[in-house]
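# Close look at the chain arrangement
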Amino acid sequence: MKDKLIIFDTTLRDGEQSPGASMTRDEKVRIAKALERMGVDVIEAGFPVASQGDFDAVQAVAKTVRESTVCGLARALKADIDRAGEALAKASSARIHTFIATSPIHMRAKLRMTPDQVLEYAVKAVQRARKYTDDIEFSPEDAGRSEVEFLCQVLEAVIAAGASTVNIPDTVGYNLPDQFGQLIRTLLERVPNSDKAIFSVHCHNDLGLAVANSLAAVINGARQIECTINGLGERAGNAALEEIVMAVRTRQDLFLCDTNIDTTQIVPTSRLVSGITGFPVQPNKAIVGVNAFAHESGIHQDGVLKERQTYEIMRAEDVGWHANRMILGKHSGRNAFRTHLQGLGIEFETEEELNVTFQRFKELADKKHEIYDEDLQALITDANLMIENERFKLLWLKTTSETGEISTASVVLSVDGIERQAAATGSGPVDAAYKAIDFILQEDTELLLYSVNNITSGTDSQGEVTVRLKKEGRIANGQGADTDIVIASAKAYVNACNKILNPIERAYPQV
Ligand code: KIV
Ligand code: ZN
């Protein structure tokens, strides 16, 4: 009988700390539902004290999710813990995750506290959190650079105070796999009451070792991993959920534990998170990149045709790739559309949402005869962006491009319900369209990133455009998809403007 490896997903909290990845309450709820469907054990939904927006998001996730435990983050402070307890009140299963730094540099330079004070705060935080739930997680922040002796002392005290999970973060991604694995083994051996708590790890990817460090920890006795979809997270990100889950599942010969994850939900959830946050997935990304199962070399193709396992250690369909299966055409009806999307794990909350999306599907089917699951995922994200971000809408766009000539663009936007029109010239049609949009909005935003990817193959494929904007220190990502990449570009730009110029609902939490 294998142990259970608990999957704690922090896409909605640490993932949201990626610059520009902030999400609205409704976006968080959509991702939380996908995580629940995937079988994630604990969903860290946010940091309730950070802002009213994040409090509301955690509360909404707690009300919606029934199968997974919902967790809120709190510093080791009374106000943080009370706010987290309040946000989680309606959860069917609630966890409070409280933390305080234990490394010499953090205690001295950041907290300006002595080790004894840190110990006292840690214990008090756990005791306070127990007013709200028995499921308490404690993290000694920057454990990867903390003194082992002090870590043991803190962990023993918080477990005695009632922490049921102790999480060992490599906050700055400094550790190496052997060393980190050894740290977990040492803690399990030296903390006298270590058998009373689950040992968890939370690794950052600054040296590209977050997954390797997490797996080394599991081999040495950790039984919870904190991770994010697509490896999103502060700076270089966190350990990627999909890589952890598939490594453990594929190498059951080496691991004494396994997760409860339904791996067929991995790719749809990855696409959902990428669409909502505007963080594209690199093509060669393990498991969820479009090339992860593509064989280019003739020798490899020949081998796979003769026997798949010659060059494949996992099956694409097991992680949710549908191998570009053509699924619907322009004659498909509303019910077939709804049923097919249900199969992809996409549910509509209102008839209006279904109608808007079906209409957009019909428009796409007129332009593109073969519609694949990837097209549908992009369509859903696009449709949701349009429904949620109402301030600015792209109503009409016309561009010209001709060899040797300057490009022109005419744009009609709806701005707070009023139609506004502008025309501009540019070095190309996208440049011209962006200038026309800027002319209408008259806002000073800085374009940090513009990138185009094709969703499926072929020249009739939809292009998916990602735009990153900066304004007054805030960053927002926008996405748009269309068979016409100039229109996709304009949609992405308008989407990013909606996010950055209408920030009320967004939380921008930073720990
Ligand atoms: O990286 C970190 O240390 C964290 C803690 C809050 C667990 O995100
Ligand atoms: Zn972190």
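Note that the structure is a prediction, hence the values are computed from the model and not measured.

### Comments concerning unusual backbone geometry
Despite not being glycine, Ile 287 has its phi angle at roughly 70°, a positive value. Structurally, Ile 287 is set in the loop between helix H10 (266–277) and helix H11 (298–306). Judged by relative accessible area, Ile 287 falls into the buried class, the value being 6%. One non-glycine residue with positive phi stands out, namely Asp 416, at about 50°. One can find Asp 416 in the loop between strand S14 (407–415) and strand S15 (418–426).

### A few points about the sheet that holds strand S16 (residues 446–454)
Ordered in space as S16-S17-S18, the 3 strands form an open sheet in which the pairing is antiparallel. Of all strands in the sheet, those with a lone pairing partner are S16 and strand S18 (474–482), marking the two edges. Neighbour to neighbour, the strand axes of the sheet diverge by 15° on average, direction disregarded. Across 9 bridges, the pairing between strand S17 (residues 463–471) and S18 is antiparallel. By the bridge assignment for S18, Glu 464 is matched with Ala 481.

### Concerning the coordination of the zinc ion (ligand 2)
At this site the zinc ion (ligand 2) is bound by Asp 14 (OD), His 202 (NE2) and His 204 (NE2), with donor distances of 2.0 to 2.2 Å. Spacing between the donor residues of the zinc ion (ligand 2) along their common chain follows D-x187-H-x1-H. In terms of burial, His 202 and His 204 fall into one category: buried.

### Side note on the UniProt feature "binding site: Mn(2+)" (unreviewed entry) in the chain
In the numbering used here, UniProt assigns the "binding site: Mn(2+)" (unreviewed entry) feature to Asp 14, His 202, His 204 and Asn 238. Taken along the chain, the residues just named run across 225 residues; in space they keep tight, none of their C-alpha pairs more than 10.2 Å apart. Structurally, His 204 can be placed in the loop between strand S8 (198–203) and helix H8 (210–219). Beyond its immediate chain neighbours, meaning those up to four positions away, His 204 contacts Asp 14, Asp 170, Thr 171, Gly 173, Ala 210, Glu 234, Arg 235, Gly 237 and Asn 238. Locating Asn 238 in the fold gives a position in the loop between strand S9 (224–227) and helix H9 (241–250). Judged by its relative accessible area of 2%, Asn 238 falls in the buried class. Those residues in contact with Asn 238 that sit more than four places away from it in its chain are Thr 10, Asp 14, His 202, Cys 203, His 204, Ala 210, Thr 228, Gly 231, Leu 232 and Gly 233. Within polar-contact distance, the side chain of Asn 238 engages the side chain of Asp 14 at 3.3 Å.

### A closer look at the nonpolar core
Of all hydrophobic cores here, the largest spans 95 residues; its most connected members are Ile 168 and Val 201. It is helix H6 (residues 148–161) that contributes the most residues to this core, 8 residues altogether. Looking at which domains feed residues into this core, each of domain 1 (3–277) and domain 2 (292–319) gives three or more. Once you skip the residues sitting within four places of it in the chain, Val 201 turns out to touch Asn 167, Ile 168, Phe 180, Ile 184, Ser 214, Ala 217, Ala 222, Gln 224, Ile 225 and Glu 226. In terms of nonpolar packing, the next biggest core, distinct from the first, is built from 31 residues, Val 415, Ile 437, Leu 441 and Leu 501 among them.

### Here we look at the pattern of salt bridges
By the definition in use, this model includes 37 salt bridges. Two residues, Arg 130 and Asp 134, come together in a salt bridge whose shortest N-O distance is 3.6 Å. One network of salt bridges, with partners in common, ties together Arg 13, Asp 14 and Glu 44.

### Observations concerning the packing of helix H5 (residues 115–129) against H6
Between H5 and H6, whose axes approach to 8 Å, the crossing angle comes to 25°. By the angle between their directions, the pair H5 and H6 is classed as roughly parallel. The crossing of H5 and H6 is right-handed. Contact with H5, carried on its side by Pro 115, Val 118, Leu 119, Ala 122, Val 123, Val 126 and Gln 127, involves Phe 150, Gln 153, Val 154, Ala 157, Val 158 and Ala 161 of H6 and no other residues of that element.

### A word on the packing of H6 against helix H7 (residues 177–190)
Direction vectors running N to C along H6 and H7 enclose 50°, while the axes themselves pass 10 Å from each other. Comparing their axes, H7 and H6 come out oblique. For the pair H6 and H7, the crossing hand works out as right-handed. Mapping the contact onto sequence places Val 148, Glu 149, Leu 151, Cys 152 and Leu 155 in H6 and Leu 183, Thr 186, Leu 187 and Arg 190 in H7. Considering only residue class, the contact of H6 with H7 consists of 6 nonpolar, 1 polar and 2 charged.

### What about the site of ligand 1?
What surrounds ligand 1 is the set Arg 13, Asp 14, His 97, Phe 99, Ser 139, Glu 141, Pro 169, Thr 171, His 202 and His 204. For ligand 1, an oxygen atom lies 2.9 Å from a polar atom in the side chain of Arg 13. When the free accessible area of ligand 1 is taken as 260 Å², the share hidden by the protein chains comes to 95%. Among the secondary structure elements, those contributing two or more residues to the shell around ligand 1 are strand S5 (94–101) and strand S6 (136–141). Split by residue class, the shell around ligand 1 holds 2 nonpolar, 5 polar and 3 charged.

### Observations concerning the UniProt feature "domain: Pyruvate carboxyltransferase" (unreviewed entry) in the chain
Within the UniProt annotation, "domain: Pyruvate carboxyltransferase" (unreviewed entry) is assigned to residues 5–267. Within residues 5–267, the helical portion is 42% and the strand portion 18%, while the C-alpha atoms at the span's ends are 21 Å from each other.

The rules behind these values
Residues numbered from 1 in each chain as written. Chains lettered and ligands numbered in written order. Predicted model: local features only at pLDDT ≥ 70, side-chain atom pairs only at ≥ 80, totals over all residues. Heavy atoms only, no water. Helix = DSSP H or I, 4+ residues; strand = E, 2+ residues; numbered from the N terminus. Buried < 20%, exposed > 50% of the residue type's maximum accessible area, 1.4 Å probe, protein only. Pairing = 2+ DSSP bridges. Axes fitted to C-alpha atoms, helices over the stretch in contact; angles between N-to-C directions. Donors = N, O, S within 2.8 Å, 3.2 Å for Na, K, Ca; no water. UniProt positions renumbered as here; feature names shortened; annotations may be inferred. Contact = heavy atoms within 4.5 Å. Polar contact = N/O pair within 3.5 Å; in protein donor to acceptor, adjacent residues only side chain to side chain. Core = buried A, V, L, I, M, F, W, Y, C linked by side-chain atoms within 4.5 Å. Domains from an automatic or database assignment. Salt bridge = Lys/Arg side-chain N within 4 Å of Asp/Glu carboxyl O. Parallel < 35°, antiparallel > 145°, perpendicular 65-115°, else oblique. Left-handed = near helix turned anticlockwise from the far one by under 90°. Nonpolar A, V, L, I, M, F, W, Y, C, P; charged D, E, K, R; others polar. Near = heavy atom within 4 Å. Areas by Shrake-Rupley, 256 points an atom, 1.4 Å probe, with all protein chains shown as cover.

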